[in-house]
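Below, each chain spelled out in residue letters.
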Amino acid sequence: MAIDGFTIGEVLNRLKQDFEDISISKIRFLESEGLISPDRTESGYRKFSDDDVDRLRFILTAQRDHYLPLKVIREQLERVDSGQTDTPASNGMTGVLPGMEPPSPFETLRSGESDDRRSADDQPFLDGSTPASSISFVEFCETTGLQPAEVRALKEFGILSGKGNDAALFDADDLTVARAARELIRHGLEPRHLRMYRQFVDREMSLFEQLVTPLMRQRNPEARRRASRQLETLASATNRLKRAVLVRALRSHLHGG
């Protein structure tokens, strides 16, 4: 008996316009992780239903736009599968399953985060917590769209902080860094070019440490809170300064001055 549905190639074509990094190998990877379960024909070929495609859209959107690890996505899907939603299914979904909206990665990877849907760039630099290391090397590559060689190179040049080799674990800060690095790499830069940013950070940290070390040496909590606020202010001010200087240089270059 024939099974109706889409082949894996047809699914790829349906998703390619919205998810440029989608590939047959990625779809197979998500299946191997148990996130999708397409039917099989008697010959063993996959057949995907509309629900399977919607499920893929949800997964890919959660990875691309919210940088959620597969563990969190799997938990959300399990809640949907168990009927923990009040919203009926509808057609024309664009990456969100019935009654679900992917939360920010900072909501799931850091405890105590309010559900305000702010982007990673809008988060405070320091919030008193340490991002949880819970994303494997393979999952990190799948989630960020970076090639394994690119991730290894970014680690080598100190841009990413994942510990170990291909057994590395990455945290929410690494995901934010990878998002920016990937954009620069796709515009023609190489990981080795980005090491200068690590050098900039090291130099800034040396300056900042001189300013806050007296506070950090004090044992009382209020001194440490003051140090955190001072570092926050310094980081914001240096970001504004770098942007202003860069914009001026770009204007000069564009206008031949």
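Just so we're clear, the structure is a prediction, and the values are computed from it rather than from any experiment.

Colleague: I tried to follow helix α3 (residues 50-66) on my own but got confused; where do I start?
Modeller: Here α3 spans 23 Å end to end across 17 residues, near enough to the 24 Å set by a 1.5 Å rise per residue. For α3, a buried count of 13 out of 17 residues is recorded, marking the element as mostly surrounded by other parts of the structure. Just downstream of α3 lies Tyr 67, where phi reads positive at about 55°.

Colleague: I would appreciate a short explanation of the layout of surface pockets in the present structure.
Modeller: Using a probe with the size of a water molecule, rolled over the atoms, empty space left in the structure can be pinpointed. Here the second largest pocket defines a volume of roughly 320 Å³. As for the second largest pocket, its lining consists of 18 residues, of which Asp 21, Arg 64, Tyr 67, Thr 144 and Arg 182 are closest to the centre. Listing elements by their share of the lining of the second largest pocket, those giving two or more residues are α3, α6 (137-144) and α8 (172-186). Ranked by residues supplied to the lining of the second largest pocket, first place goes to α3 with 4 residues. Among the residues forming the lining of the second largest pocket, the class breakdown is 4 nonpolar, 4 polar and 10 charged.

Colleague: Even after reading the chapter, I still don't get the packing of aromatic side chains, so can you show me in this structure?
Modeller: Between two aromatic rings, the relevant description is the distance of the centres plus the angle of the planes. Overall, the coordinates contain 3 aromatic pairs when judged by the stated rule. On the basis of an interplanar angle of 45° and a centroid distance of 6.4 Å, the ring pair of Phe 137 and Phe 170 is categorised as tilted. With Phe 137 in helix α6 and Phe 170 in strand β4 (residues 169-170), this pair connects stretches of sequence that are 33 residues apart. Considered together, Phe 137 and Phe 170 belong to a single accessibility category, that of buried residues. Measuring from centroid to centroid gives 5.8 Å for Tyr 197 and Phe 200, while their planes differ by 85°, and the two rings are edge-to-face. Highlighted residues: Tyr 197 and Phe 200, both in helix α9 (residues 195-216), separated by 3 residues, approximately one helical turn. Under the relative-accessibility criterion, Tyr 197 is labelled partly exposed at 38%.

Colleague: Just to check I follow, could you spell out helix α2 (residues 24-32) for this structure?
Modeller: Every buried residue belonging to α2 is among Lys 26, Ile 27, Phe 29, Leu 30 and Glu 31, and all of these are buried. Contact partners of the buried residues in α2: α1 (8-16), β1 (39-40), β2 (46-47), α3, α4 (70-81) and α6. Positive backbone phi, at 80°, marks Gly 34, one or two positions downstream of α2.

Colleague: Can you help me understand a nonpolar patch on the surface in this one?
Modeller: Taken together, the side chains of Leu 184, Leu 189, Met 196, Tyr 197 and Phe 200 define a hydrophobic patch exposed on the protein surface, amounting to about 400 Å² of accessible area. Counting residues per element, the nonpolar patch draws most heavily on α9, which supplies 3 residues. With respect to the element layout, Leu 189 can be found in the loop between α8 and α9. Relative accessible area serves as the criterion here: at 34%, Leu 189 is assigned to the partly exposed category.

Colleague: Is there a simple way to explain the pattern of salt bridges in this structure?
Modeller: It is possible for side chains of opposite charge to pair when their charged atoms get near one another. For the structure shown, the criterion picks out 14 salt bridges. One salt bridge connects Glu 31 with Arg 46, and the closest N-O pair in it is separated by 2.5 Å. Residue Glu 31 is found in helix α2, and its partner Arg 46 is found in strand β2; the two are separated by 15 residues along the sequence. On the basis of relative accessibility, which here comes to 18%, the residue Glu 31 falls in the buried class. As a salt-bridge pair, Glu 204 and Lys 242 come within 3.0 Å of each other at their nearest N and O atoms. With Glu 204 in helix α9 and Lys 242 in helix α10 (residues 221-254), the pair connects residues that are 38 residues apart, well separated along the chain. Glu 204 gets classed as buried once you look at its relative accessible area, which sits at 18%.

Parameters and conventions
Residues numbered from 1 in each chain as written. Predicted model: local features only at pLDDT ≥ 70, side-chain atom pairs only at ≥ 80, totals over all residues. Heavy atoms only, no water. Helix = DSSP H or I, 4+ residues; strand = E, 2+ residues; numbered from the N terminus. Expected span 1.5 Å × (residues − 1). Buried < 20%, exposed > 50% of the residue type's maximum accessible area, 1.4 Å probe, protein only. 1 Å grid on protein atoms, 1.4 Å probe; cavity = no way out; pocket = protein on both sides within 12 Å on 5 of 7 lines; lining within 4 Å. Points joined across faces, edges and corners; volume = space filled by probe spheres on them. Nonpolar A, V, L, I, M, F, W, Y, C, P; charged D, E, K, R; others polar. Phe/Tyr/Trp six-rings, centres within 6.5 Å; stacked < 30°, edge-to-face > 60°. Contact = heavy atoms within 4.5 Å. Patch = residues over 30% accessible without salt bridge, like charges linked within 9 Å, V, L, I, M, F, W, Y side chains within 5 Å. Areas by Shrake-Rupley, 256 points an atom, 1.4 Å probe, with all protein chains shown as cover. Salt bridge = Lys/Arg side-chain N within 4 Å of Asp/Glu carboxyl O.

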